[in-house]
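Take a look at the letters that make up each chain.
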Amino acid sequence: MNLSARLLRRKSVEQLQRQAQARGELQRVLGLWHLTAIGLGGIIGVGIFVLTGTVAAGQAGPAVVLSFLIAGVASAAAALCYAEFAGLIPVSGSAYTYGYAVLGEFAGWLIGWDLLLEFALIAAVVAVGWSGYVQALLAAAGVELPLWARGAYFGDVPGQIVNLPAVFVALAITALLAFGTQAGARFNTVVVAIKIGAAALVIVAGAAFVDPARWQPFMPFGFGGVVAGASIVFFAVFGYEMMTTAAEEAIDPQRDLPRAVVLSLAIAMTLYVGICLVLTGIVPYATLDNDAPVANAFAAIGQPRVMVAISLASVCGITSVIFANLMAGARIWFALARDGLLPRWFGQTHPRWRTPWRTTWLIGAVAALAAGLFTLEELAKLVNIGVLCAFVVICSAVLVLRRTRPELERPFRTPFAPWVPLIGIGFSLWLISGLPWVTYERFALWLLIGCAVYFGYGIRHSKLASAPADAG
């Protein structure tokens, strides 16, 4: 088999569907609302409780609502494409598996390798945000951590060694995931319900204090600021794809996964728009550049009880984002190993808990280390580009598969094709173009490492290495 054939070999859709129907190593315990909660857990978190304020203050002003809507259009187009694949190929691995089936092994590997870093770093970013809210609550109660435990070693504050709360929450969620998907999903569903309640509280409690005059000027940084804001808040409007990594743990994946993808994004965007309008309407947007802008805004308008309630709910809500990302990253790692592209030692499930416990602990350890030693700003520089690239791949793959396999039965079909996939591709590329240059440099370095791993190990150990290329 020549090099080109090896890079383009792929699993057929039928092969993946048979794999999904077979009883696998993972337990099928997730229903529609568990899946929707995982999606909402991934979407709603730092975006609502942090980015709404910081982006309004530094990039978009009151027009932060437009930043969210622009990012939401790109995300919605990709969400509909994810929904089509989730129903068609309900197998663990999400964008990696879909890319493998349609574009070939090397493309699938690159997107899987890309997402390993993305999910670990997102979990780390969110763990740092969680730590900020926890430390603010402790300070309000008169309790302060020692200086060495408050922040990152690679930060700007002398004497800080490790962000201990961030390390703690990353490892605690890792343990919960390693010891059982069903228990973790139940915990996550409760936490997400609290988080949605907090978001609704922000809208209801803040509506009476909104002064429309604070929305003027609406676009103080110009439309360029709105676009720059959209490239940042895009971090807050994806997350639904995390549930598709757990397809083999869904009870009825072909029915429930597409519904959960669309439902979770619709609920999240409704809440984001409401909170953007309320937050910029109750205090001047320039005052929102802090670690806990929502809570501090309510403190500023003399609502300390609401502030405490929001802070407590924020801690719960941000926890669910860590849960969703660590779960997704572990399952992509598991899928890569099961296909032979990484050592199969990683692809073993726990004999009792039937979870991918090795990859769960490994990705949890990476997230904990990054959260403990690096600042939020440094971690966030790498986050968005990988997921945007995954969106380009998924939207492109829908177009390719519609042309090459039009006869396949699709439980969910992306509407208005090819326009919706093309919109997803266009908006994603547009947002990628707005990212800082350092993001491209670090992303390219990670992909080069991935190429070395693939050509040094994966291309020879792939389960398809001894099989003929499947045109599927």
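What counts, and where the lines are drawn
Residues numbered from 1 in each chain as written. Predicted model: local features only at pLDDT ≥ 70, side-chain atom pairs only at ≥ 80, totals over all residues. Heavy atoms only, no water. Helix = DSSP H or I, 4+ residues; strand = E, 2+ residues; numbered from the N terminus. Rg over C-alpha atoms; globule rule 2.2 N^0.38 Å. Contact = heavy atoms within 4.5 Å. Areas by Shrake-Rupley, 256 points an atom, 1.4 Å probe, with all protein chains shown as cover. Lys, Arg positive; Asp, Glu negative; His and termini not counted. Charge placed at Lys NZ, Arg CZ, Asp CG, Glu CD. Core = buried A, V, L, I, M, F, W, Y, C linked by side-chain atoms within 4.5 Å. Buried < 20%, exposed > 50% of the residue type's maximum accessible area, 1.4 Å probe, protein only. Phe/Tyr/Trp six-rings, centres within 6.5 Å; stacked < 30°, edge-to-face > 60°. Expected span 1.5 Å × (residues − 1). Axes fitted to C-alpha atoms, helices over the stretch in contact; angles between N-to-C directions. Parallel < 35°, antiparallel > 145°, perpendicular 65-115°, else oblique. Nonpolar A, V, L, I, M, F, W, Y, C, P; charged D, E, K, R; others polar. Salt bridge = Lys/Arg side-chain N within 4 Å of Asp/Glu carboxyl O.

(A) Molecular detail of the overall build of the chain. Across its full length, the chain holds 19 helices and 0 strands. Computed over its C-alpha atoms, the radius of gyration of the chain comes to 22 Å, within 12% of the 23 Å expected for a compact globule of 472 residues. Excluding contacts between residues fewer than 6 apart, the proportion of contacts in the chain whose partners are at least 24 apart in sequence is 84%. When the accessible surface of the chain is totalled, it reaches about 17600 Å², and 68% of it is carbon and sulfur. Separation of charge centres in the chain, based on 29 positive and 23 negative side chains, amounts to 8 Å.

(B) Molecular detail of the nonpolar core. Residues F85, I89, F234, Y240, Y272 and I322 are the most contacted members of the largest nonpolar core, which totals 156 residues. Residue contacts for F234: discarding those within four places in its chain leaves A71, A74, S75, N384, V387, L388, F391 and L431.

(C) Spotlight on the packing of aromatic side chains. The tally for this structure, following the rule as stated, stands at 18 aromatic pairs. Seen from their ring centres, Y82 and Y98 are 6.3 Å apart, and the 70° between their planes marks the pair as edge-to-face. Here Y82, found in helix α5 (residues 64-88), pairs with Y98, found in helix α6 (residues 95-102); they are 16 residues apart in sequence, far enough to count as distant. Across the pair, Y98 and Y82 agree in class, each one buried. Taken together, a centroid distance of 5.8 Å and an interplanar angle of 70° make the contact between Y82 and F391 edge-to-face. A residue pair is termed long-range when its members are at least 10 positions apart, and Y82 in helix α5 and F391 in helix α17 (residues 383-404) qualify at 309 residues. Through successive ring pairs, a cluster of aromatic residues spans F106, W109, W113, W446, Y454 and F455.

(D) Structural view of unusual backbone geometry. For the peptide bond that leads from Q216 to P217, omega is -5°, which places it in the cis range. Tracing the chain through its elements places P217 in the loop between α9 (181-207) and α10 (222-233). With an omega dihedral of 10°, the bond running from A417 to P418 counts as a cis peptide bond. Checked against the element boundaries, P418 lands in the loop between α17 and α18 (419-433). Located in the positive-phi region is F416, a residue other than glycine, with phi close to 55°.

(E) Here's a closer look at α17. Taking 1.5 Å as the rise per residue, α17 with 22 residues should run 32 Å; its terminal C-alpha atoms sit 32 Å apart, in good agreement. With 16 of its 22 residues buried, α17 lies for the most part within the structure.

(F) Here's a closer look at helix α13 (residues 293-300). Every buried residue of α13 is accounted for by P293, V294, A295, A297 and F298. Just past α13, the residue G302 takes up positive phi, approximately 75°.

(G) Molecular detail of the environment of A200. On the secondary structure map, A200 appears in helix α9. Assessed through its relative accessible area of 32%, A200 is described here as partly exposed. Taking the C-alpha atoms as reference points, A200 and V91, separated by 109 residues in sequence, lie 34 Å from one another.

(H) Up close: the packing of helix α8 (residues 164-178) against helix α15 (residues 357-373). Two elements in contact, α8 and α15, have axes separated by 8 Å at closest approach and are oriented at 170°. It follows from the interaxial angle that α8 and α15 lie roughly antiparallel. Residues A166, V167, A170, L171, T174, A175, L177 and A178 of α8 form the contact with α15, whose participating residues are W357, T360, W361, G364, A368, A371 and G372. Of the residues in the contact of α8 with α15, the class split is 11 nonpolar, 4 polar and no charged.

(I) Fine view of the environment of V278. Note that V278 resides in helix α12 (residues 253-282). Overall, the relative accessible area of 6% leaves V278 in the buried class. Excluding residues that lie within four positions of it along the chain, V278 makes contacts with V202, I203, G206, A207 and V210.

(J) How the structure looks around the pattern of salt bridges. Scanning all chains against the criterion turns up 9 salt bridges. What emerges from the salt-bridge pattern is a single network uniting E14, R405 and E407.

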